[in-house]
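# Structural overview
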Amino acid sequence: MNSTIDYEKLKLFYIGKEESSKDVYTPLVYKNKDLLTHAAIIGMTGSGKTGLGISLLEEAAIDNIPSIIIDPKGDMGNLLLTFPNLEGSDFEPWIEEQDAINNGVTVKEHAKNTANMWKKGIEGDFQSAQRIEKLKNAADFTIYTPGSSAGVQISILSSFKAPSREVLEDNDLLVSLINSTVSSILSLIEEKNDSISKESILISSIFMNYYSAGKDLNLEQLISLIVTPPFEKVGIFDLETFFAQDDRLKLALKLNTIIANPSFKSWIEGETLDISNLLYDENGKAKVSIFSIAHLNDSQRMFFVSLLLNQMVSWMRRQEGTSSLKALLYMDEIFGYFPPSSNPPSKQPMLTLLKQARSFGVGIILSTQNPVDIDYKGLANIGTWFIGRLQTKQDKEKVIDGLSSASEGNLDKNEVMNLISNLEKRTFILKNINEDGIKLFKTRWALSYLKGPIPKDDIKKLMAHKINQLNQKPNEEKTEKETIKAHIPKAEQSSKPILTSNIAQKYLYTSQNNSYYLQAYLTFSCNVHFVNSSKAIDLETTQAFKIYLDEEMKAIDFEERENLENASFEEKERTNSSYYTLPVFIQNEKELKAIEKDFSDYIYRNTKLTLYKNDALKIVSKQDETLSDFKIRLQDRLNEKIDDEVEKLQIKFQKDNDSIENKLSTLYEKLEREEQQATATTTDTLISIGTSLLGAFFGKSVLTKTNMGKVASSAKGASRILKERNDIKYVEANILQLQEEQKTLQHTLENEIEKINSSNLSSNYEIEEIFIKPKRSDIYNIKLELLWKEQ
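Residues numbered from 1 in each chain as written. Predicted model: local features only at pLDDT ≥ 70, side-chain atom pairs only at ≥ 80, totals over all residues. Heavy atoms only, no water.

## Let's talk about the overall build of the protein
Per the secondary structure count, the protein includes 24 helices and 24 strands. Relative to its full complement of 791 residues, the protein shows a buried share of 53%. In the protein, the proportion of contacts linking residues at least 24 apart, taken out of those at least 6 apart, comes to 77%. Total accessible area on the protein is roughly 36,500 Å²; 47% of this is exposed by carbon and sulfur atoms. (Helix = DSSP H or I, 4+ residues; strand = E, 2+ residues; numbered from the N terminus. Buried < 20%, exposed > 50% of the residue type's maximum accessible area, 1.4 Å probe, protein only. Contact = heavy atoms within 4.5 Å. Areas by Shrake-Rupley, 256 points an atom, 1.4 Å probe, with all protein chains shown as cover.)

Set out below in structure tokens:
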């Protein structure tokens, strides 16, 4: 095979190879921007669709394009099995003993044979081991295991956060998001979850009530609100008539069994389910975030997938539109999540993503064993089809109908039917709406070792280092538990103190015990209005925190503040409650007024709205935009800038490329006339590779793929009869000269694109902070309250 090529320098994904003529192969490359119109990988078990999917994700990682991967089967963890040295010892820990026994060798021998096979496969497909190293270093790979500690844990507590302003302003989208969320919650308890059930309507009304007010929810609050909803009527009926309290309590108890289960703890620990943080690390390196859910049962999988897709929709709508590919969402095995005839919780957010994601730079890749798994509305939004071997007539007909529609009827259905039926393993039909016709190709050798499904024990091995790193992160602030321990009250527990001041009291119970010990906190809250017309800022925020009260305290130190939980507080104490002693100043109305004024002064001095800007690109963050989201938007601008400059290169060098291809076509025709005996030879000369790559880069190729092979073969075949015909010698010399020109053009383009990429790195662009301070009059609705919290 020929020397390896840096495909990414031309902004191309290398996904396989085409047979130009008998045993003559050229690389098949795919423009990454074409994934903005989404893709489907369809093929029966053993067709090679997992390998193709992993190859696409490898190419994205090398190009610094992040991916979020939903992995119901456990195959996608193979992306972490990258061994640049291709030594048997690298593969040995991942070799199944039974596979070695079946091959009649030891595990060590089988590992060495596997390493040799991988080396041969990679080098035989226009690649090298250096590409494995490049992949390994290009992205940050993480396997998340929701509901399990095998991999990196992910917390779903933030999954019920109030959606972005953009979603709240789109009522149809908001209703769709709430319906999907509610349906996924009800599926956990196997409750009827259609949108017209009273359970669904009640919980949807609670979500709408909270979200419309910009308030977050968590499962604990939701359970409490089911029993005591924040409204008295549902539609035209009073609450009791619509859904009696006893029935609401039964529903709440069913949900409570979920969070009361000790295993639920693993659902609320770990990293926050925040899409921005799943895409890039703090240094701007792309992340490959794999959500392995093979260990979950069906209802838990549906619950998590629906939450993740809803988070994706909400995040997406906060982004600016872009014409560049900024991220991929990949789902390996879509069966059951996007069916044509039923409406599971995952379906609506997936359809929303398929319809809208391209405008925000997000490409979606769905993989399935047969096309009847995918809703026809979804198929209409998919622009690239990768079709592997299929068995049933129904599957084949579904694919052919889809391809015919994408080809506007210009398709020989009988020919395609026969083609699909006879496809070999790792061979796919490619239909891309951004190109004419269909292509037949063999997938390239994956850079990652395709071991098969990764079990939980292996995930634990792969993620051990990352989990240790997360566990060793120093806590910058004391935890609430440590704070309490440092302030253990000296007084004995007693009955509730009688207050002479008018301070309001509330209670936070965290258990269902026979007795309760309550510690006092002073809570502070206020609204702060940030206004700056020149920067289009008009934002109202709430500041809320609590301060531990020790009976010996003489004054309040606001630096000792702790976050105030977003919890459901009770207005009345429970029986058998005991209380720690309060400091004296809580009884003094005058001192409380002074503390309230100190609180207002503290907020005025210390509260500010932080914005981010980059002067070179003239970007300023939005009022509710996080630093992570701003960095992503900055990268989007740079990617668009890169694409614009690369497009200018295409225009600049288009004539040179067309000229070379036209001359090659003319020379081939002349060569064929002069020597009819020139036959195809197994080869992969630079001329065929160059023509393939440059043809894809410029979006067209004067030479057909057949001619590419013939030109390459004839150029080599001509050397065999060089001594016999001077005119053949002349033609061959011209072909070789053009070959060098093409090679020079390719290198020129690669160097120019490399310069463009290096000058548009986000690390070259400084992000500055700017601050907006509130006026004193913009701090209002100040409240001090006494919180009794169970210890």
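## Looking at the confidence of the model for the protein
Here the protein averages 86 in pLDDT, and 89% of its residues register 70 or above. In the model of the protein, helix H23 (residues 705-717) stands out as the element of lowest mean pLDDT, 42, in contrast to strand E4 (residues 67-71), which has the highest, 98. Confidence drops under a pLDDT of 50 for residues 476-492, and excluding neighbours within four residues, the segment shows 24 contacts in the predicted structure. Long-range and interchain partners of residues 676-687, a stretch whose pLDDT sits below 50, account for 33 contacts in this model, where long-range means more than four residues apart. (pLDDT = per-residue confidence, 0-100.)

## Considerations on the environment of glycine 88
You can see glycine 88 is positioned in helix H2 (residues 88-91). We classify glycine 88 as buried; its relative accessible area is 16%. Along the chain, glycine 88 and asparagine 116 lie 28 residues apart, while their C-alpha atoms are 7.9 Å from each other.

## Regarding the layout of surface pockets
In this model, the second largest pocket occupies a volume close to 1,300 Å³. As for the second largest pocket, its lining consists of 39 residues, of which Asp140, Asp281, Glu282, Lys287 and Lys466 are closest to the centre. Every element with two or more residues in the lining of the second largest pocket is listed here: helix H5 (129-138), strand E5 (139-144), strand E9 (271-272), helix H12 (275-279), helix H18 (456-471) and helix H21 (627-674). Of the residues assigned to the lining of the second largest pocket, the class counts are 15 nonpolar, 14 polar and ten charged. (1 Å grid on protein atoms, 1.4 Å probe; cavity = no way out; pocket = protein on both sides within 12 Å on 5 of 7 lines; lining within 4 Å. Points joined across faces, edges and corners; volume = space filled by probe spheres on them. Nonpolar A, V, L, I, M, F, W, Y, C, P; charged D, E, K, R; others polar.)

## Observations regarding empty space enclosed by the protein
Summed over the entire model, instances satisfying the criterion amount to three cavities of 30 Å³ or more. Looking at the largest cavity, the residues that line it are Glu166, Arg318, Gln319, Lys622, Asp624, Glu625 and Asp629. Counted by class, the lining of the largest cavity contains no nonpolar, one polar and six charged residues.

## Remarks on the nonpolar core
Phe207 and Phe386 are the most contacted members of the largest nonpolar core, which totals 146 residues. Ranked by residue count, the leading element in this core is helix H13 (residues 298-318), at eleven residues. Inspection of this core shows a minimum of three residues originating in each of domain 1 (1-156 + 268-473) and domain 2 (171-266). Among all residues touching phenylalanine 207, those that are not within four sequence positions of it are Phe160, Ile178, Thr181, Val182, Ile185, Leu217 and Leu222. Counting residues in hydrophobic clusters, the runner-up holds 37 residues, among them Phe524, Val528, Met553 and Leu786. (Core = buried A, V, L, I, M, F, W, Y, C linked by side-chain atoms within 4.5 Å. Domains from an automatic or database assignment.)

## Digging into helix H14 (residues 347-356)
Burial of H14 is extensive: seven of the ten residues sit out of reach of the surface. Of all the positions in H14, only Lys347, Pro349, Met350, Leu351, Thr352, Leu353 and Leu354 are classed as buried. Those residues of H14 hidden inside the fold are in contact with helix H7 (171-188), H13, strand E11 (327-332), strand E12 (362-368) and helix H15 (376-379).

## Focus on the packing of aromatic side chains
This structure, assessed with the given rule, holds 27 aromatic pairs. Ring geometry for phenylalanine 160 and phenylalanine 207: centres 5.6 Å apart, planes at 75 degrees, overall edge-to-face. Here the residue phenylalanine 160 occupies a position in the loop between strand E6 (154-155) and helix H6 (165-168), and phenylalanine 207 occupies one in helix H8 (residues 198-212), the gap between them amounting to 47 residues. Among the residues examined, phenylalanine 207 registers a relative accessible area of 0% and is labelled buried. With centroids separated by 6.4 Å and ring planes inclined at 15 degrees, the aromatic side chains of tyrosine 507 and tyrosine 509 adopt a geometry described as stacked. An aromatic cluster is built from Phe83, Phe91, Trp118, Trp445 and Tyr449, whose rings are joined through pairwise contacts. The cationic tip of lysine 215 hangs over the ring face of tyrosine 210; the distance from NZ or CZ to the ring centre is 4.4 Å. Between lysine 506 and the ring centre of phenylalanine 569, over which it is positioned, the NZ or CZ distance is 4.6 Å. (Phe/Tyr/Trp six-rings, centres within 6.5 Å; stacked < 30°, edge-to-face > 60°. Lys NZ or Arg CZ within 6 Å of the ring centre and 35° of its normal.)

## Quick word on the sheet that holds strand E21 (residues 609-614)
The strand order across the open sheet formed by three strands is E22-E21-E23, and the pairing between neighbours is antiparallel. Both edges of this open sheet fall to strand E22 (619-620) and strand E23 (768-772), since each of them pairs with a single strand only. As paired strands, E21 and E23 are joined by five bridges and run antiparallel to one another. Counterpart to leucine 609 in the pairing with E23 is isoleucine 772. (Pairing = 2+ DSSP bridges.)

## Side note on the pattern of salt bridges
Throughout the structure, instances matching the rule amount to 34 salt bridges. A salt bridge links arginine 637 to glutamate 320, with the nearest nitrogen and oxygen atoms 3.4 Å apart. Pair noted here: arginine 637 is in helix H21 and glutamate 320 is in the loop between H13 and E11, with a separation of 317 residues, a long-range link. Judged by relative accessible area, arginine 637 falls into the partly exposed class, the value being 28%. We note a salt bridge from lysine 613 to aspartate 615, for which the minimum N-O separation is 3.6 Å. When its relative accessible area of 21% is taken as the criterion, lysine 613 is described as partly exposed. (Salt bridge = Lys/Arg side-chain N within 4 Å of Asp/Glu carboxyl O.)

## Concerning the packing of H13 against H14
The contact between H13 and H14 brings their axes to 9 Å, and the two run at 35 degrees. The interaxial crossing formed by H13 with H14 has left-handed handedness. Mapping the contact onto sequence places Leu309, Asn310, Met312, Val313, Met316 and Arg317 in H13 and Pro349, Met350, Thr352, Leu353 and Gln356 in H14. Partitioned by chemical class, the residues of the contact of H13 with H14 number seven nonpolar, three polar and one charged. (Axes fitted to C-alpha atoms, helices over the stretch in contact; angles between N-to-C directions. Left-handed = near helix turned anticlockwise from the far one by under 90°.)

## A look at unusual backbone geometry
Its identity as a non-glycine residue notwithstanding, asparagine 64 has a phi of 60 degrees, on the positive side. If you trace the backbone, asparagine 64 turns up in the loop between helix H1 (49-62) and E4. At asparagine 576, a position not held by glycine, the phi torsion is positive, near 65 degrees. Assignment of secondary structure puts asparagine 576 in the loop between strand E19 (562-563) and strand E20 (577-579).

## With respect to the pairing of strand E15 (residues 438-443)
The two faces of the sheet receive side chains in turn, since in a regular strand these alternate between them. Relative to E15, strand E14 (residues 427-432) is paired through five bridges, and the arrangement is antiparallel. Residue pairing across strands places isoleucine 429 opposite leucine 440, the latter belonging to E15. Here E14 folds back onto E15 in antiparallel fashion, the turn holding five residues, of which glycine 437 has a positive phi close to 75 degrees.

## A short note on the packing of helix H9 (residues 219-227) against helix H11 (residues 245-260)
Where H9 meets H11, the closest approach of the two axes is 8 Å, and the angle between their N-to-C directions is 165 degrees. One element, H9, and the other, H11, form an angle in the roughly antiparallel class. Considering only the axes of H9 and H11, their crossing is left-handed. Residues Leu219, Glu220, Ile223, Ile226 and Val227 of H9 lie in contact with H11, whose contacting residues are Gln245, Arg248, Leu249, Leu251, Ala252, Leu255, Asn256 and Ile259. Among the residues making up the contact of H9 with H11, the classes are represented as nine nonpolar, two polar and two charged. (Parallel < 35°, antiparallel > 145°, perpendicular 65-115°, else oblique.)

## Re the side chain of serine 367
Summarising the element assignment, serine 367 is placed in strand E12. Using a relative accessible area of 0% as the deciding quantity, one classes serine 367 as buried. Look past the residues within four positions of serine 367 in its chain and what remains in contact with it is Ile41, Lys49, Tyr330, Met331, Asp332, Glu333 and Ile334.

## Looking at the environment of glutamate 397
Along the chain, the position of glutamate 397 falls in helix H16 (residues 393-406). The sequence separation of glutamate 397 and valine 416 amounts to 19 residues, and the corresponding C-alpha distance is 9.9 Å.

## Regarding the pairing of E12
The buried fraction of E12 is high, at seven of seven residues. Residue alternation in E12 divides its side chains into two sets, Val362, Ile364, Leu366 and Thr368 and Gly363, Ile365 and Ser367, and both sets are buried. Across four bridges, the pairing between strand E3 (residues 39-42) and E12 is parallel. Bridge assignment links alanine 40 to a residue of E12, and that residue is leucine 366. Two strands pair when backbone bridges link them, and E11 and E12 are joined in this way by six bridges, in the parallel orientation. Bridging across to E12, methionine 331 finds its partner in leucine 366. The handedness of the E11 to E12 crossover, carried by H14, is right-handed. (Right-handed = clockwise from strand over helix to strand, strands pointing away.)

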